[in-house]
Amino acid sequence: MTHLLDGPARPAAQQPSWPDAEALKGAIDTLASFPPLVFAGECDVLRERMALASQGKAFVLQGGDCAETFAAATADNIRDRVKTILQMAAVLTYGASVPVVKVGRMAGQYAKPRSSDVETRDGETLPAYRGDMVNDFEFTPQARIPDPQRMVRAYHASTATLNLVRAFTTGGYADLRHVHDWNKGFVATPANAAYEKLARDIDKAMRFMLACGADFDAMRATEFFAAHEALILDYERPLTRVDHRSGRLYDTSGHFIWIGERTRDLDGAHIDYVARVHNPIGVKLSTKTTADYVEQVMDRLDPERTPGRLTFITRMGARQIRDALPPIIEAATAAGAAVTWICDPMHGNTFESSSGYKTRDFADIVEEVHGFFDVHRALGTVPGGIHIELTGNDVTECIGGAEKILDADLTKRYESVCDPRLNHRQGLELAFLVAEMLGDD
Ligand SMILES: O=C[C@H](O)[C@H](O)COP(=O)(O)O
Ligand SMILES: C=C(OP(=O)(O)O)C(=O)O
């Protein structure tokens, strides 16, 4: 399939140095022979949902691991992540009376861009870990060698994940009548107690609607989409297929793919790649973004200004967003933007704690989302969603929140192989706060 993507060779940032060209070719050919993970028609549905979010008629909740790992792709982990997203979506929908577009950072989020190509521990320097799709987290010379067969494993792990996600979300588990069940198995906390109360209210409203003759069978299933950063082009390209209905190219590795802050160069291979596929796509924007860049990237990726095609995921930092975001929005608006604006309050707020862990403060995360809403409201544009690194597990990776995780607690259960995630309760707590902001119109 790669011939479909032929064009001038462009520099591709953040790619592994695969040591064996033959092995790489073998893995690419294998991927190209596999069935698609998602269908073009599903991507089109998501584009329509993203369009609604760009107009304030829906709100996007994108969430999941910073970096998925093969070892953690278990039924329990996947179920708890899906449950957390369903609960957060219920809080947002009920709290703000807006449909929520549920998108997992799942089933493909196996590669990471890194600030440095190497990592040094106790005087030993090895290649950096770039995600399970590329090499292994273990700190040994052998483990850190990029192995293209890992892309094939990532495909299989994504298939299994997506299969379970589809079973959960269409097989009855996501039925709103199970709104209480999603809270089961989690430790009792103020956030879960608040959720339990909300679930009782939803139950009551549903009983009322049922008595009025509403048909709740329509709610048995929920839409749930898969997203990841389109980083490793040797994985994305062979999974790119022609849609037989329209003759257009789609990246069938996920419904929504985004280009990260480190790979969004206008002359680079990543922007060239996503310009050619028809999926709904995202571009991360930090404080380094210029007005000129925004206009040019819109012209490259969304020349027709089609609502739902392009999402800007801003990740500015709690202290910068109020100054850095307005000129970006103004430039986009002046250039006729039809983009969906999403706030990633994670990546601009990372710091190293005194105990040496990469962490984020829950208060900063909330503050960035506040800034995002305030800026959009002041400019008359639409805050269309949030993008969160989270897990359904009870980890201690981000400090703060109602349970007041402290620096000293980070050591207790820090499991992320890259960036710190909100745990289940912090995710729920954030959903309640965002529901308030959304409802504050
Ligand atoms: O998730 C984002 C990046 O991959 C991550 O922040 C990079 O982390 P690093 O600075 O430790 O390489
Ligand atoms: C690397 C990521 O973010 P960014 O490109 O915004 O740094 C990410 O979301 O995993």
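Residues numbered from 1 in each chain as written. Chains lettered and ligands numbered in written order. Predicted model: local features only at pLDDT ≥ 70, side-chain atom pairs only at ≥ 80, totals over all residues. Heavy atoms only, no water.

## Observations concerning the overall build of the protein chain
Helix and strand content of the protein chain: 11 helices and 14 strands. In terms of its C-alpha atoms, the protein chain occupies a principal-axis envelope of roughly 65 × 50 × 45 Å. The buried share of the protein chain, reckoned over its 441 residues, is 58%. Considering only contacts within the protein chain whose residues lie at least 6 apart along the sequence, 75% involve residues at least 24 apart. Accessible surface, the protein chain: about 17,500 Å² in total, of which carbon and sulfur atoms supply 53%. A distance of 3 Å separates the average location of the 48 positive side-chain charges in the protein chain from that of its 62 negative side-chain charges. (Helix = DSSP H or I, 4+ residues; strand = E, 2+ residues; numbered from the N terminus. Buried < 20%, exposed > 50% of the residue type's maximum accessible area, 1.4 Å probe, protein only. Contact = heavy atoms within 4.5 Å. Areas by Shrake-Rupley, 256 points an atom, 1.4 Å probe, with all protein chains shown as cover. Lys, Arg positive; Asp, Glu negative; His and termini not counted. Charge placed at Lys NZ, Arg CZ, Asp CG, Glu CD.)

## Structural notes on the confidence of the model for the protein chain
Detailed reading of predicted coordinates is not advised where the pLDDT is low. Averaged over the protein chain, the pLDDT score is 93; the fraction of residues at 70 or greater is 97%. Confidence metrics for the complex model read pTM 0.95 and ipTM 0.97. (pLDDT = per-residue confidence, 0-100.)

## Remarks on the site of ligand 2
Taken together, 13 residues form the shell around ligand 2, and within it Arg105, Lys112, Glu261, Lys284 and Arg315 come nearest. Here an oxygen atom of ligand 2 sits 2.6 Å away from a polar atom, N or O, in the side chain of Arg315. Compared with its free state, where it exposes 290 Å², ligand 2 has 98% of that area covered by protein. (Near = heavy atom within 4 Å. Polar contact = N/O pair within 3.5 Å; in protein donor to acceptor, adjacent residues only side chain to side chain.)

## With respect to the pattern of salt bridges
Tallying each qualifying case throughout the model produces 35 salt bridges. Across the salt bridge formed by Glu223 and Arg49, the nearest N and O atoms sit 2.7 Å from each other. Note that Glu223 is positioned in the loop between helix H5 (190-211) and strand E5 (225-229) and Arg49 in helix H2 (residues 40-54), a separation of 174 residues in sequence. Look at Arg49 and you get partly exposed, because its relative accessible area is 24%. Where Arg421 meets Glu397, a salt bridge forms, and the shortest distance between an N and an O atom there is 2.7 Å. Taken together, the residues Arg421 in the loop between strand E14 (383-389) and helix H11 (424-439) and Glu397 in the loop between E14 and H11 connect sequence positions 24 residues apart. (Salt bridge = Lys/Arg side-chain N within 4 Å of Asp/Glu carboxyl O.)

## What to know about H5
Between its first and last C-alpha, H5 extends 32 Å over 22 residues, near the 32 Å set by a 1.5 Å rise per residue. Listing the buried residues of H5 in full gives Ala191, Asn192, Tyr195, Leu198, Ala199, Ile202, Asp203 and Met206. Along the axis of H5, the buried positions cluster into a sector of 155°, meaning they face one direction only. Pointing more than 90 degrees away from the buried face of H5 are the exposed residues Pro190, Lys204, Arg207, Phe208 and Ala211. Check the buried side of H5 and you find it contacts helix H3 (75-96) and H11. Of the residues one or two after H5, Gly213 is the one with positive phi, at around 100°. (Expected span 1.5 Å × (residues − 1). Arc of directions from axis to C-beta.)

## Here we look at the nonpolar core
Counting residues in hydrophobic clusters, the biggest one holds 80 residues, and the most contacted among them are Tyr195, Phe312, Trp341, Ile386, Leu422 and Leu430. It is H3 that provides the largest number of residues to this core, a total of 10 residues. If sequence neighbours within four positions are ignored, Leu422 has contacts with Met346, Phe362, Ile365, Ile388, Glu389, Leu390, Thr391, Cys398, Gly427 and Leu430. Core analysis: the next-biggest nonpolar cluster, separate from the first, contains 28 residues, Val38, Met133, Tyr155 and Ile232 among them. (Core = buried A, V, L, I, M, F, W, Y, C linked by side-chain atoms within 4.5 Å.)

## So, the site of ligand 1
Taken together, Cys66, Lys112, Pro113, Arg114, Ser115, Arg262, His347, Lys358 and Asp419 make up the full set of residues near ligand 1. In the model, an oxygen atom of ligand 1 is placed 3.0 Å from a nitrogen or oxygen of the Lys112 side chain. When its residues are assigned to classes, the shell around ligand 1 shows two nonpolar, two polar and five charged. (Nonpolar A, V, L, I, M, F, W, Y, C, P; charged D, E, K, R; others polar.)

## With respect to helix H7 (residues 269-276)
Along an α-helix, residues three or four positions apart point the same way, because every turn accommodates 3.6 residues. Across the eight residues of H7, six count as buried, placing the element largely inside the fold. The complete set of buried residues in H7 reads Ala269, His270, Ile271, Asp272, Tyr273 and Val274. Here the buried face of H7 lies against helix H6 (233-236), strand E6 (240-242), strand E7 (249-251), strand E8 (256-259), strand E9 (281-285) and helix H8 (291-301).

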